[in-house]
Amino acid sequence: MTRYLPIMLDCEKQQVVVIGGGAVAERKVSGLLEAGAVVKMISPSLTDTLASLVKKGLMTWHDRPYAPGDLRGAFLVYAATNDRTVNEEVAQESRRLGIHVNVASHAEAGDFITPGVVRRGRLTVAVSTSGAGPLAAAKIKNVLEEALDAAYEPYLDFVHSMRIRIKEKESSAEVRGRLLRKLGALDVLNEMKNGSFIAWSPEDMDVWIADHRAE
Ligand SMILES: C[C@@]1(CC(=O)O)c2cc3[nH]c(cc4nc(cc5[nH]c(cc(n2)[C@H]1CCC(=O)O)[C@@](C)(CC(=O)O)[C@@H]5CCC(=O)O)C(CC(=O)O)=C4CCC(=O)O)c(CCC(=O)O)c3CC(=O)O
Ligand SMILES: NC(=O)C1=CN([C@@H]2O[C@H](COP(=O)(O)OP(=O)(O)OC[C@H]3O[C@@H](n4cnc5c(N)ncnc54)[C@H](O)[C@@H]3O)[C@@H](O)[C@H]2O)C=CC1
């Protein structure tokens, strides 16, 4: 069994080449655009949704089959045609160029796979079965979708602003560490869940910081 390394990759403004324009490519593109990637698709046909993304200028499309040379300059590659041989060729060219590649038809030919994803603002939960059962991954994802409260989004926005403020204000690593640990223990998530949370002003944040600097 391949033990994949889960990492969070910053794809903002990075060019990603997707070969094939069917239902699978459409799903991969939706995740890529959400992550701010610049998508270039090469395929002799497109789903209606992909065609409308092209029309809106949200991705580019080359209306032809894959040809060697198409992957040059890519940050990542997705081989998502319904032709295993073509996907294989795409994987080989990616390898030669040292670009990581995802192969939709037979994952083992590529070197990364796509997890099911749940997002709540800054929170990302990714589910993978290491390729054992994509539908099982989707079902587990749905369980998490139900379980993860919408309040995680404002909660993490709050944690983020507090963390930035603490890092700006505190030059001592020891005090900073103490404050960040106390921030982690602050129970504002429940207040957000039950609607009793009152937003903190920058002054409120500074008062909390001053009150919690000491051991
Ligand atoms: C290995 C992986 C590689 C990759 O795609 O990156 C892969 C591979 C393959 N999937 C196949 C089939 C299906 N995949 C789905 C759905 C999803 N597949 C996804 C991921 C992955 N699929 C990666 C592993 C993830 C993990 O670790 O668990 C999800 C989670 C994420 C996403 O795609 O965005 C998304 C659900 C998202 C959601 O709903 O939220 C459905 C259901 C549907 O289409 O509705 C079916 C049909 C039912 C079935 O076959 O089970 C086939 C067989 C092709 C054939 O032989 O015909 C292969 C090829 C192979 O097994 O090598
Ligand atoms: N990884 C995953 O999540 C899943 C993978 N699959 C696999 O992925 C493959 C693709 O699935 P779908 O998108 O549903 O197929 P599809 O038949 O809807 O789309 C295939 C696309 O590839 C294009 N294509 C064909 N030859 C090409 C070439 N030489 N160059 C560029 N583009 C080319 C077609 O024009 C079409 O747009 C399936 O054959 C299956 O093996 C299927 C389901 C889920």
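By the naming in an unreviewed UniProt entry, the protein chain goes by precorrin-2 dehydrogenase and is assigned to Paenibacillus odorifer. Reading the Pathway (unreviewed entry) entry of the UniProt record for the protein chain gives the comment "Porphyrin-containing compound metabolism; siroheme biosynthesis; sirohydrochlorin from precorrin-2: step 1/1." UniProt, in its Catalytic activity (unreviewed entry) section for the protein chain, records the words "precorrin-2 + NAD(+) = sirohydrochlorin + NADH + 2 H(+)".

A. Molecular detail of the overall build of the protein chain. The helix and strand inventory of the protein chain stands at 8 helices and 7 strands. Over its C-alpha atoms the protein chain spans a radius of gyration of 22 Å, topping by over 25% the 17 Å that the globule rule assigns to 215 residues. Judged by the C-alpha coordinates and their principal axes, the protein chain covers about 65 × 40 × 35 Å. The buried share among the 215 residues of the protein chain stands at 33%. A sequence separation of at least 24 residues applies to 53% of the contacts in the protein chain between residues at least 6 apart. If you sum the accessible surface of the protein chain, you get close to 13,000 Å²; carbon and sulfur atoms cover 53% of it. Each charge class in the protein chain was averaged separately, 27 positive and 28 negative side chains, and the resulting centres sit 3 Å apart.

B. Structural view of the domain arrangement of the protein chain. Its domain assignment divides the protein chain into domain 1 (15–114), domain 2 (115–148) and domain 3 (152–212). The C-alpha centroid of domain 3 is placed 41 Å from the C-alpha centroid of domain 1.

C. Examining helix α3 (residues 84–97) more closely. If you check α3, its first and last C-alpha atoms are 20 Å apart, about what 14 residues at 1.5 Å a residue would give, namely 20 Å. If you check which residues of α3 are buried, you get Asn87, Val90, Ala91, Glu93 and Ser94. The buried residues of α3 occupy an angular sector of 165° when the element is viewed end-on, so they sit on one face. In α3, those exposed residues whose orientation departs by more than 90 degrees from the buried face are Thr85 and Arg96. At the N-terminal end of α3, a side-chain oxygen is found 2.9 Å from the backbone nitrogen of Thr85, two or three residues along, and the residue is Asp83. Downstream of α3 by one or two residues, Gly98 has phi in the positive range, about 75°.

D. Fine view of the site of ligand 2. With respect to spatial proximity, 20 residues lie near ligand 2, and among them Gly21, Val24, Arg27, Ser45 and Tyr66 are the closest. A distance of 3.4 Å separates an oxygen atom of ligand 2 from a polar backbone atom of Gly22. Interatomic distance of 2.9 Å between a backbone N/O atom of Val24 and an oxygen atom of ligand 2. Here ligand 2, which alone exposes 870 Å², has 67% of that area covered by the protein. Top contributing element to the shell around ligand 2 by residue count: helix α1 (residues 23–34), with 4 residues. Each residue belonging to the shell around ligand 2 can be placed in one class, and the counts come to 10 nonpolar, 8 polar and 2 charged.

E. How the structure looks around the packing of aromatic side chains. For the coordinates displayed, the defined rule picks out 4 aromatic pairs. Ring geometry for Phe158 versus Trp200: centroids 5.0 Å apart, planes at 80°, classification edge-to-face. Of this pair, Phe158 sits in helix α5 (residues 152–169) while Trp200 sits in the loop between α7 (188–193) and α8 (202–212), and the two are 42 residues apart along the sequence. Given the relative accessible area of 24%, Trp200 is considered partly exposed. Arranged with centres 6.4 Å apart and planes meeting at 50°, the rings of Trp200 and Trp208 form a pair that is tilted. Classification of Trp208 by relative accessible area gives buried; the value is 9%. Among the aromatic side chains, those forming a connected cluster through ring pairs are Phe158, Phe197, Trp200 and Trp208.

Rules used in this analysis
Residues numbered from 1 in each chain as written. Chains lettered and ligands numbered in written order. Predicted model: local features only at pLDDT ≥ 70, side-chain atom pairs only at ≥ 80, totals over all residues. Heavy atoms only, no water. UniProt positions renumbered as here; feature names shortened; annotations may be inferred. Helix = DSSP H or I, 4+ residues; strand = E, 2+ residues; numbered from the N terminus. Rg over C-alpha atoms; globule rule 2.2 N^0.38 Å. Buried < 20%, exposed > 50% of the residue type's maximum accessible area, 1.4 Å probe, protein only. Contact = heavy atoms within 4.5 Å. Areas by Shrake-Rupley, 256 points an atom, 1.4 Å probe, with all protein chains shown as cover. Lys, Arg positive; Asp, Glu negative; His and termini not counted. Charge placed at Lys NZ, Arg CZ, Asp CG, Glu CD. Domains from an automatic or database assignment. Expected span 1.5 Å × (residues − 1). Arc of directions from axis to C-beta. Polar contact = N/O pair within 3.5 Å; in protein donor to acceptor, adjacent residues only side chain to side chain. Near = heavy atom within 4 Å. Nonpolar A, V, L, I, M, F, W, Y, C, P; charged D, E, K, R; others polar. Phe/Tyr/Trp six-rings, centres within 6.5 Å; stacked < 30°, edge-to-face > 60°.

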